[in-house]
Structures are given as structure tokens and as C-alpha cells.
Amino acid sequence: MSKRALITGITGQDGSYLAEHLIAQGYQVWGLIRGQANPRRWWVSRQLSEVNFVDGDLMDQSSLVSAVDKIQPDEVYNLGAISFVPMSWQQPELVTEVNGMGVLRMLEAIRMVSGLSISGITHNSGMRFYQASSSEMFGKVAETPQRETTMFHPRSPYGVAKAYGHYITQNYRESYGLFGVSGILFNHESPRRGAEFVTRKISLAVARIKLGHQDQLRLGNLDAVRDWGFAGDYVRAMHLMLQQEQGGDYVIGTGQMHSIRDAARIAFDHVDLNWEDYVVVDPALVRPAEVETLCADSRSARKALGWEPTIDFPDLMRMMVDSDLRNVSRERQYEEMLLSTSW
Ligand code: NAP
Ligand code: F7E
């Protein structure tokens, strides 16, 4: 019998890489899909025809209970979230509901379906739970690099909601004996990254500038520093975390620090352009409270999981630029084909 995995956030960057990885490991993969006619469902089906879908929303408790009851998963990966940090200042209540309370709802669904009780006896339901915790919880960092024991000081409603999700996962582990894992992942990117995040915003702009479709790139804080890795590497770590003997917390990152300025320089250099000729600082893009610097100390996770990243940041940026050069030139050919067609 193959193992069954339920993934929330299947239409997102990590959901797609994780589904691919689990299918390659022989899993039957189910993706929770929200909304009446979610257009990204089509994209996932086209990329990964083996993925099964179940309706549900992290805002809706009964839909999560039904999904868990129907699928009886061995592993639940809770990746669903509103993941763009600036949105959490615009819609703080919604972000808290999805990213914070959504975790509680998913845990409750597992508890109800698998009959875990508060009787004081610790059970082990057999269903294993992964929570997508975030380095944003470290925020205004108490020490550098950050490890599992570093104090949290979140700087956005997003980070605060993620801290709640992190603690409630720990609490279900301690209260019910649930096999619960928090993966404290640092920024991870790929050609599938949403265009609102800074690395993809840069790679897309570089491709468009190189191909003559855009003449400048507006960015916010160029001095912010991140520890960026490749999403395809990080989903392997998620899976490994659920294969251990017991649940726990794991910091995952590369340990390398780069600024936004470095990211722009690497990307423009790759197409033989000088970044300073195109980048314009736009104060409107600076955040009300910034996370200035992040860097992971993932020694403990690497040792426990036997995990290592395979792609460094300069190669990752170049991979993203190459992919966007292909995307933009395909769009251009399509537009030219439309223009040249006489109807
Ligand atoms: P992403 O590309 O933005 O994907 C987010 C996913 O969440 C989408 O599939 C979205 O589905 C889903 N979602 C949003 N609202 C939902 C709701 N109410 N109910 C169910 N699903 C909902 O994010 P990602 O980069 O893959 O990140 C995956 C997870 O890791 C997120 O929890 C994120 O906060 C966390 N994380 C990410 C990073 C990173 O650097 N990528 C680092 C640390 C932690 P729709 O298609 O329906 O909108
Ligand atoms: O910003 C700066 C910005 O939006 C990175 C999410 O996956 O990782 C991600 O959150 C940095 C920030 O990612 C622009 O101020 C400058 O310092 O790519 P980002 P993020 O906020 O770090 C964490 C770990 C998550 O958990 C989140 O879900 O870049 N920056 N100029 C800019 N950022 C954006 N987006 N756009 C700019 O123009």
C-alpha cells in the first residue's frame, strides 16, 4: 500500500515541488483546493496529472474535517497560507485567520478524525503533521545565525500569525502526543516563485529589460539581507522531517547571506547589464517594520535529517533569469503571432 499525503497549498510554489517529490517516492498525493473554480487547479493538473484534489479551505473547519476523514492521510503537510508579507499589513485579520487559526483548524481536523483525546493519556494517531513555519518569526533577530532555540521577535502580522501556528503545533505535540513538526524554513525560491517576491520580481524584470519590454525596476530596501535557497531542496527536508522517530522543530537554510543589492547585481550581470543603470529605489515599497537580516544555522537539522542544499544563491538567481528569458520570449512570439494574423 502506498502512503497517502494531504497537502494544503498545493497550488503554491512549495506545494508543486513537494507533490512532485512525494509522487517520485511512490506516495498517493492529495491536494486541498479552495474556491469555486480555482484557476491554479488547472496548472497543477497539467504539471502533475497524478495529483488528486479534495475541496477545502483553511478558513472552514468542517471542510478540513471532511478532507482528512475522506483521505485518511499518513502525512499532512500544511503549506497553505497568505505568504506575501506586505499583504499582512493590508489585511491583518484575514492573514491571521488563514496563517494562524488555519493551523489550529487543521490540527483539530486531525485530532477529531483520529480520535486523539485530552484524557491525559498520550496517543499517537499515526497521522503525521508538518507545519510550514517561517524565519519571519525571528524578525528583529536576537542572534545571528538563527537556530531552533533563538527567541522570536516577529515584525509583521504575517510573522506573528506564523508564531501562533508554530506554538500551537508544539502544543498539540505536548497535549495529545501528535506527531507534529515545525519546519522553520528560510526564504526559498525557484522559477515557480510568485512574481510579487523580490527574487522573482528581479528575474522577471531582468528578462523583460534584456528583451526590450521594460526600462526600469523599482525596488524597496536594497540593504535587507536574506538566506535564500532553492525550493526543490527544501521540500526534501520537509519530507525527511516526517520520517523521523518523533516530531520536532527544524531550522532549514543555507547559512549564506546576500542583500537585495547582491541579488540584483547577480541577475543583471548574467545578461551583461549593469544593475545600477536600471534599478530605482521606491520608498513606497519599504515596509513599515523590516526584517533587516536573516541567516540560518541549520547544523542541527542537517545532522538529524542528513539533508544538504544542492544549489547556491548565485546559481539559483541565474536559473530564474534563464527561465524568465524563456517565458518572456515565448510571450513575445505569441503576441507577434497574434499581430501578424489577419483575421
Ligand atoms: P505560495 O506560493 O504563496 O502558496 C500559498 C498557497 O496557500 C497557495 O496554494 C494558496 O492557494 C494557499 N492558500 C491561501 N489561502 C488559503 C486558504 N484560505 N485555504 C487553503 N489554502 C490557501 O507559498 P509558498 O512559497 O509555496 O510557501 C508555502 C508555505 O511555506 C506557506 O505557508 C508560507 O507561508 C511558508 N513559507 C514559505 C517560505 C518561502 O520562502 N517560500 C519560507 C518560509 C515559510 P490558492 O491557489 O487557492 O490561493
Ligand atoms: O522580500 C525586500 C523586502 O517579499 C525579501 C515569504 O516567502 O520569505 C518570504 O518573505 C526582502 C524584504 O520575501 C522589494 O523588504 C526590497 O526585506 O521576497 P520577499 P520575505 O518578505 O522575506 C519568508 C521566509 C516567508 O515566510 C514569506 O512567506 O526583499 N525588498 N524591495 C522587496 N521585496 C519585495 N517583495 N518587493 C520589492 O520590490
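What you see is a predicted model; the values in this text were computed from it and never measured.

Asker: Would you mind going over the site of ligand 1 with me for this structure?
Answerer: Taken together, 27 residues are adjacent to ligand 1, and Thr11, Arg34, Asp57, Ser83 and Tyr158 come closest. In this structure, leucine 58 approaches ligand 1 through a main-chain N or O atom, which is 3.0 Å from a nitrogen atom. Measuring from an oxygen atom of ligand 1, one finds a side-chain N or O atom of arginine 193 at 3.2 Å. Taken by itself ligand 1 offers 900 Å² of open surface, and the protein chains cover 91% of this. Elements with a minimum of two residues in the shell around ligand 1: helix H1 (13–24), strand E5 (128–134) and helix H6 (157–176). Residue contributions to the shell around ligand 1 peak at three residues, all from E5. The class makeup of the residues in the shell around ligand 1 is 10 nonpolar, 11 polar and six charged.

Asker: How should I be thinking about the environment of glutamine 146 in this particular structure?
Answerer: Mapping glutamine 146 onto the fold places it in the loop between E5 and H6. Note on glutamine 146: relative accessible area 0%, which makes it buried. C-alpha separation for the pair glutamine 146 and aspartate 297, spaced 151 residues apart in sequence, amounts to 5.5 Å. Apart from the residues lying within four places of it in its own chain, the contact partners of glutamine 146 are Phe138, Val141, Phe186, Val251, Leu294, Cys295, Ala296 and Asp297. There is a polar contact of 3.0 Å between the side chain of glutamine 146 and the backbone oxygen of glutamate 143.

Asker: Can you walk me through the pattern of salt bridges in this structure?
Answerer: Opposite charge on two side chains permits them to pair, given that their charged atoms come into close proximity. Tallying each qualifying case throughout the model produces 17 salt bridges. Between arginine 193 and glutamate 189 there is a salt bridge, with its nearest N and O atoms 2.8 Å apart. Judged on exposure class, the residue arginine 193 and its partner glutamate 189 are both buried.

Asker: I keep staring at H6 and nothing clicks. Help me out?
Answerer: Each turn of an α-helix holds 3.6 residues, which means side chains three or four residues apart point in the same direction. With 20 residues, H6 extends 28 Å from end C-alpha to end C-alpha; this agrees with the ideal 28 Å at 1.5 Å per step. All of the buried residues in H6 are Tyr158, Gly159, Ala161, Lys162, Ala163, Gly165, His166, Ile168, Thr169, Gln170, Tyr172 and Tyr176. Looking at the buried residues of H6, the elements they touch are helix H4 (87–90), helix H5 (92–114), E5, strand E6 (179–185) and strand E11 (249–252). Two residues or fewer after H6 comes glycine 177, characterised by a positive phi angle close to 70 degrees.

Asker: What exactly am I supposed to notice about the site of ligand 2 here?
Answerer: Taken together, the neighbourhood of ligand 2 is formed by 23 residues, with Ser83, Ser134, Tyr158, Arg287 and Glu290 sitting nearest. The fraction of the free accessible surface of ligand 2 (700 Å²) that becomes covered by protein chains is 95%. Looking at the shell around ligand 2 residue by residue, the classes come out as nine nonpolar, six polar and eight charged.

Asker: Even after reading the chapter, I still don't get the nonpolar core, so can you show me in this structure?
Answerer: Nonpolar side chains in soluble globular proteins generally cluster together in the buried interior. Core analysis: the largest hydrophobic core is formed by 59 residues, its most contacted members being Tyr77, Tyr130 and Ile202. Not counting residues up to four positions away in its chain, the partners in contact with tyrosine 130 are Val76, Tyr77, Asn78, Leu79, Val181, Gly183, Leu185, Met238, Met241 and Leu242. Listed in part, the 28 residues of the second largest apolar core include Ile71, Val76, Leu107 and Met127.

Calculation criteria
Residues numbered from 1 in each chain as written. Chains lettered and ligands numbered in written order. Predicted model: local features only at pLDDT ≥ 70, side-chain atom pairs only at ≥ 80, totals over all residues. Heavy atoms only, no water. Near = heavy atom within 4 Å. Polar contact = N/O pair within 3.5 Å; in protein donor to acceptor, adjacent residues only side chain to side chain. Areas by Shrake-Rupley, 256 points an atom, 1.4 Å probe, with all protein chains shown as cover. Helix = DSSP H or I, 4+ residues; strand = E, 2+ residues; numbered from the N terminus. Nonpolar A, V, L, I, M, F, W, Y, C, P; charged D, E, K, R; others polar. Buried < 20%, exposed > 50% of the residue type's maximum accessible area, 1.4 Å probe, protein only. Contact = heavy atoms within 4.5 Å. Salt bridge = Lys/Arg side-chain N within 4 Å of Asp/Glu carboxyl O. Expected span 1.5 Å × (residues − 1). Core = buried A, V, L, I, M, F, W, Y, C linked by side-chain atoms within 4.5 Å.

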